[in-house]
Amino acid sequence: MATKKQSKINLINLSKSDYRGAPTTLCQGCGHNSINSQVITACYELNILPEDIVKFSGIGCSSKSPTYFLGRSFGFNGLHGRMPSLATGALFADTSLTGIAMSGDGDTISIGMGQFKHVMRRNLPMVYIVANNGVYGLTKGQFSATAEEGLALKGHGQNPYMPIDIIWEAVVGRATFVARSFAGDPKQVRELLKAALSHRGIAVLDIISPCVTFNNQDDAHHSYAWGRNHEVALHDLSYVPLAEDIMVDYDEGESKEVDMHDGSRIMLRKVASDYDPTDRSTILCMLEDANTKQELITGLIYIDTEQQALFDTYNLPEEPLNRLTNDRIRPRRETIDKVNAMMF
Amino acid sequence: MTTVETKIQSNKAIASGSVVNDFSISVATMNGSGSQTSNLTLLRALFKMGIPVSGKNLFPSNIQGLPTWYTIRVSKDGYLARTETIEVMVAMNATTFAKDQAALVPGGVFFYADDIKQAITRKDIVAYPMPVKKLAKESDAPASLRTYVANMVYVGVLVQMLGINPQRIEQALDFHFKGKEKPIKLNLDIIKKAAEWAEENLQKSDPYYLEDLDLTEGQIMASGNTAGALGSIYGGVQFVSWYPITPASSLAESCIEYLPMLRTDPETGKNTYAVVQAEDELAAIGMAVGAGWGGLRSMTSTSGPGISLMTEYASMAYYAETPVVIWNVQRMGPSTGLPTRTSQGDINLTYYLGHGDTKHIVLLPGSVNECFELGWKAFDLAERFQTPVFLLSDLDMGMNQWMTSPFKYPDKEIDRGKVLWEEDFEGLEIWGRYLDIDGDGIPYRTLPGNRHSQSGYFARGTGHDEFANYTEDPDVWVKGMDRLLLKFEHARSVMPQPEIVKRKGATIGVIAFGSTDPAIREAIDYMSEEDLEVDYLRLRALPVVDEVRDFIRKYEHVYVVEMNRDGQLHQILSLEVPERATHLISLTHNDGLPLTATWIKGAILGEERN
Ligand SMILES: Cc1ncc(C[n+]2csc(CCOP(=O)(O)OP(=O)(O)O)c2C)c(N)n1
Ligand code: SF4
Ligand SMILES: [Mg+2]
């Protein structure tokens, strides 16, 4: 009995239910639900205290998601397209916290393009998930800016514009961790989430997350069928936490290892081609090539563990800013004469 | 150090009919010609001579080439408002030469750069040429600095001709160049040469003199934006996010200037603050709201166009009950309007900023000193009431240098409002983020980083119940909005009191706010001279307190004076005291220039004597 019970808690004595949120109100089969359960599992398996996480989101079905995971964590469901700024300010309050942001393709790439670009430029340490379904789910299925050219949707005609590729934007925007995955590939989503949670800097995860209600026709690029038939993983990815000193017996030349800041590692086992996610210069060629071949490339596309993160440049105290006592935030009384003297 | 020795002492015997320490000087230059140092040097020297003085930069939205005027008013009576008359003109700009001449009062003085080959057409003024180019060329200044030091020529000529105390000039330069000997000497030399030239070549034949007084003792000189920044720093600001915009930029820039000195932890050498220049105002307020929610004393500063971009987050902060301090240093709108001109046109926008039923605490500093005082108080109010608090300043107050009483160290402990940390949860029976336990409409909040397993909640702009859970229940919505109103009414009772200045026998009242204060006070003196006694209420905050309503009810006529077209404060007050609405009279003037006492007096007398 006792052993059975033990198997249901993690190293910090929490059970899976400590990581759950409110019951989902998203459509059954929505890709977002699948991502949410991987967030729960990743945090559970990494033994993260829910109170060490802060959740952020904008507006959309995808942005509702933080309600459905990590119910004990603090979170802020902000404005449409303006989540990155909110998260930036909030994370200054206590930089020991880990931010997990959930956004949609509309929230990030249409209305939120500006803040998306700037949060990458600042390298805010945060996991930034974009649940990408090619439509605006919450407002009933209008085209989003990631919808492919020529996509036909009921009631909305044909999309005449070229799509924006979130990965391109992230790479060009100098994000220090860029990955793509597919909600229909939960294991990869989970391993990427774990790796992203160990990254010190912005970690952008573009996860194709089908909207079963408005954009799941077999030939639509954000559908389950398309994902299943066109996904090409760059590598077989597994995350190795610091505590587990696992010897992975991959053959020489078969795998690549990325050392993370916190001592954990990402193991990338070669699948088809050689791919080096630390070399930014080849990414666009690779993506363009995949585009022509109609391949949905997934995996860790780019990582830079050297770039300093936002808070590294601020010379902040050890303890969180939001716990500084009053005497530390108000200058001492004797300073006022000096200040007045400076006023001529 | 070099000293300017002038022979102005010879003018000591000031003739009768002279005008001493009571006139306005206007310096007409070209934008970007480097006259700012000269003008500030004059202003500061006069201040140090003990003469009440104010300086206003009336400048175009342009970096280089368009005409700009700097006006200095000296007033032995202590009046600091702008005047409509100019007694002394310094004409350095060929393009406005004729206009500047025409602007002078009869008998006025016209100092002009002699390289401007235009006719002196007025016979009723005294004109003095100044060999600006020649003296600049003869100076030791490197060629690159020549146009810049050329502006010191008029300083030297004014020193000699008006009688400015040269030691005070030196003091001003020493301050400006932070004691750096080289630039101080360079500038002093040319001032000295110009003064000597004036002494040898000009015969004083005008009546305007400056004399040492002792009326500025104990005063300081600062801009509202500097004061606002310092007030924020003493208020414990921990997070500043901003996006550049005239006339607000120098507020955030002053934070950046003074924070390292005042808020580096002496023990650890670490910063107890963070400043982020955002990509736009949407992001600036987003960051500030995020930081406020996170438990930091956070602020952002902007002007009208930025305020409109901040609307959506301000609304959310009101509804999600997030403290944040927002400075609106007003300029003239709509749109880009006159971006370098002053106005009070955003009071309605700011008070009601948002969608749905939003209304906010708006603090209305009426002096530079008050920018400091309300600057620190704003954080206490924002955190106490868990809501955005706005401060409404304007270009005139924010960017110009004013003499003001020294900043006073906060006389109240910092109030962080109702915050629960881990230990506060021990023995706590019930807690909901939006649960009103005390009956004052103010719930208790928790901050991210609190590791107690009951402390977390999901903040949102969507409908929520007392436990921060999503709901669209109509009754819960109404209850929530009613509680916000209760909280607002509670805030009303602790708003800064208005300042009321009474006069014996007053029959009418005036209400105003912000930078118009000096002009109103001066106008009241003038009206008294014409046997109309006026009581004055200077509003310091919205929502209004009972004293304001009482004041409005007291007089047959109460004039609401403001710098916008539609009488926005007048509208707000009419709603507050509807039964007196017909007794509230709106007086507005909005041309981008600071109000003058003459206009106010004319407007009120015009109404009263009609
Ligand atoms: C300022 C603003 N404009 C428009 C909306 C309406 N709106 C809500 S969600 C949404 C699109 C969401 O799309 P996406 O981010 O892709 O999320 P999804 O629902 O597809 O997961 C829009 C336009 C809004 N809430 N706020
Ligand atoms: S509408 Fe689409 S995106 Fe929204 S919950 Fe349903 S399936 Fe998911
Ligand atoms: Mg979408």
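Just so we're clear, the structure is a prediction, and the values are computed from it rather than from any experiment.

### A short note on the site of ligand 1
Piece 1. Not every one of the 18 residues close to ligand 1 is listed here, only the nearest: Cys61(A), Ser62(A), Asp105(A), Gly106(A) and Asp107(A).
Piece 2. Residue neighbours of ligand 1 fall on chains A and B, so the site bridges chains.
Piece 3. With respect to ligand 1, the backbone of Gly106(A) contributes an N or O atom lying 2.8 Å from an oxygen atom.
Piece 4. Contact between ligand 1 and Asp107(A): an oxygen atom at 2.7 Å from a main-chain N or O atom of the residue.
Piece 5. Only α3 (61-64), α5 (105-110) and β5 (135-136) of chain A provide two or more residues apiece to the shell around ligand 1.
Piece 6. If one sorts the elements of the shell around ligand 1 by residue count, α5(A) sits on top with three residues.

### Digging into the coordination of the magnesium ion (ligand 3)
All names here are of chain A.
Piece 1. At the metal site, the magnesium ion (ligand 3) is ligated by Asp105 (OD), Asn133 (OD1) and Val135 (O), and these contacts range over 2.1 to 2.2 Å.
Piece 2. We note that the donor set of the magnesium ion (ligand 3) lies within a single chain, spaced as D-x27-N-x1-V. Placement of Asp105 in helix α5 and of Val135 in strand β5 is noted, with a sequence separation of 30 residues between them. Comparing Asp105 with Val135 shows no difference in burial state: the two are buried.

### Some thoughts on the site of ligand 2
Piece 1. The environment of ligand 2 is formed by Leu26(A), Cys27(A), Cys30(A), His32(A), Cys61(A), Asn133(A), Cys211(A), Val212(A), Thr213(A) and Phe214(A).
Piece 2. Of the residues belonging to the shell around ligand 2, the class tally is seven nonpolar, three polar and no charged.

### Examining the confidence of the model for chain B
Low pLDDT means the predicted coordinates in that region are not meant to be read closely.
Piece 1. Model confidence for chain B is summarised by a mean pLDDT of 96, while 98% of its residues fall at 70 or above.
Piece 2. Interface scoring of the predicted complex returns ipTM 0.96; its pTM is 0.96.

### Observations regarding the interface of chain A and chain B
Piece 1. Contact with chain A, which involves 56 residues of that partner, is made by 83 residues of chain B.
Piece 2. Taken as a group, Phe74(A), Arg330(A) and Phe344(A) account for 17% of the area that chain A buries against chain B, more than any other trio of residues on that side.
Piece 3. Inspection of the region where chain A meets chain B yields six salt bridges.
Piece 4. A salt bridge links Arg451(B) to Asp52(A); its shortest N-O distance comes to 2.7 Å.
Piece 5. At the level of secondary structure, the elements contributing two or more residues to the side of chain A that touches chain B comprise β1 (53-57), β2 (74-77), α4 (83-93), α6 (113-121), α11 (326-329) and α12 (335-342) of chain A.
Piece 6. Ranked by the residues each element gives to the side of chain A that touches chain B, the list is headed by α4(A), at eight residues.
Piece 7. Residues belonging to the side of chain A that touches chain B are distributed by class as follows: 25 nonpolar, 18 polar and 13 charged.
Piece 8. Pairing of β2(A) with strand β19 (residues 458-460) of chain B, which is carried by three bridges, proceeds in the parallel orientation. Bridging from a neighbouring strand, Phe76(A) pairs with Ala459(B) of β19(B).

### What to know about the sheet that holds strand β12 (residues 235-240) of chain A
Residue and element names in this part refer to chain A.
Piece 1. Taken together, three strands build an open sheet; the order of strands is β12-β14-β13 and the sheet is antiparallel. Only two strands of the sheet have a single partner each, and these edge strands are β12 and β13 (255-259). Geometrically, the sheet is characterised by an average inter-axis angle of 20 degrees between neighbouring strands, direction not taken into account.
Piece 2. Pairing geometry for β12 and strand β14 (residues 265-270), over six bridges, is antiparallel. Counterpart to Leu237 in the pairing with β14 is Leu268.

Calculation rules
Residues numbered from 1 in each chain as written. Chains lettered and ligands numbered in written order. Predicted model: local features only at pLDDT ≥ 70, side-chain atom pairs only at ≥ 80, totals over all residues. Heavy atoms only, no water. Near = heavy atom within 4 Å. Polar contact = N/O pair within 3.5 Å; in protein donor to acceptor, adjacent residues only side chain to side chain. Helix = DSSP H or I, 4+ residues; strand = E, 2+ residues; numbered from the N terminus. Donors = N, O, S within 2.8 Å, 3.2 Å for Na, K, Ca; no water. Buried < 20%, exposed > 50% of the residue type's maximum accessible area, 1.4 Å probe, protein only. Nonpolar A, V, L, I, M, F, W, Y, C, P; charged D, E, K, R; others polar. pLDDT = per-residue confidence, 0-100. Contact = heavy atoms within 4.5 Å. Buried area = accessible area lost by both parts, 1.4 Å probe. Salt bridge = Lys/Arg side-chain N within 4 Å of Asp/Glu carboxyl O. Pairing = 2+ DSSP bridges. Axes fitted to C-alpha atoms, helices over the stretch in contact; angles between N-to-C directions.

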